[in-house]
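Report on the structure
Each chain is listed here by its residues.
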Amino acid sequence: MIQHIGNKLQVEIDAGGEKIEKITFPNVIEEPSEEKVLELGEIMRGLSVEGSELYGVVLTSQSRYTK
């Protein structure tokens with residue numbers, strides 16, 4: 001049996017530093033559209049320091065398999 005546990009999004013922002021900033025959103029809807037995922041990324045970029053760029057967004061889906 002497959003049990004869906006959840007999805008999370010991780011927005012990655014390049015703020016010009018050594019590391020990419022990562023902002024995590026747990027418990028997002030199942031199968032979000034590419035348009036909406038990138039829109040969230042752009043919103044977070046706009047809230048970051050001036051000159052920041054959206055590096056990408058990672059969608060992680062977790063499922064549990066049991067007998």
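Above this note sits the structure.
A short tour of the structure in this document, coming up.

1. With respect to the overall build of the protein chain
What the protein chain contains, in helices and strands, is one helix and three strands. Put simply, the protein chain runs from its N terminus to its C terminus through helices and strands in the order β-β-α-β. Computed over its C-alpha atoms, the radius of gyration of the protein chain comes to 14 Å, more than 25% above the 11 Å expected for a compact globule of 67 residues. Seen through its C-alpha atoms, the protein chain measures out along the principal axes to roughly 50 × 25 × 15 Å. A total of 67 residues make up the protein chain; the buried ones form 19% of that total. A fraction of 61% describes how many contacts in the protein chain between residues 6 or more apart in sequence connect residues 24 or more apart. Total accessible area on the protein chain is roughly 5300 Å²; 50% of this is exposed by carbon and sulfur atoms. Separation between the mean location of the 7 positive side-chain charges and that of the 12 negative ones in the protein chain comes to 13 Å.

2. Quick notes on unusual backbone geometry
In this structure, Asn27 is a non-glycine residue whose phi angle is positive, near 60°. Position of Asn27 relative to the elements: it lies in the loop between strand E2 (21–26) and helix H1 (34–47). A positive phi angle is found at Glu31, which is not glycine, with a value near 55°. Relative accessible area serves as the criterion here: at 67%, Glu31 is assigned to the exposed category.

3. Focus: the pattern of salt bridges
Counted by the stated rule, this structure contains two salt bridges. Put simply, Glu39 and Lys36 hold a salt bridge, and the shortest N to O gap is 3.9 Å. Within this pair, Glu39 and its partner Lys36 are both found in helix H1, separated by three residues, close to a single helical turn. Residue Arg45 pairs with Glu42 through a salt bridge whose shortest N-O separation is 2.8 Å. Taken as a pair, Arg45 and Glu42 lie in helix H1 at a separation of three residues, close to a single helical turn.

4. Some thoughts on the side chain of Glu12
Among the secondary structure elements, Glu12 is positioned in strand E1 (residues 2–14). No salt bridge is formed by the buried Glu12; its nearest oppositely charged neighbour, Lys22, is found at 4.5 Å. If near-sequence neighbours (up to four positions away) are discounted, Glu12 is found in contact with Ile20, Glu21, Lys22, Glu53, Leu54, Tyr55, Gly56 and Val58.

Scoring rules and cut-offs
- Residues numbered from 1 in each chain as written.
- Predicted model: local features only at pLDDT ≥ 70, side-chain atom pairs only at ≥ 80, totals over all residues.
- Heavy atoms only, no water.
- Helix = DSSP H or I, 4+ residues; strand = E, 2+ residues; numbered from the N terminus.
- Rg over C-alpha atoms; globule rule 2.2 N^0.38 Å.
- Buried < 20%, exposed > 50% of the residue type's maximum accessible area, 1.4 Å probe, protein only.
- Contact = heavy atoms within 4.5 Å.
- Areas by Shrake-Rupley, 256 points an atom, 1.4 Å probe, with all protein chains shown as cover.
- Lys, Arg positive; Asp, Glu negative; His and termini not counted.
- Charge placed at Lys NZ, Arg CZ, Asp CG, Glu CD.
- Salt bridge = Lys/Arg side-chain N within 4 Å of Asp/Glu carboxyl O.

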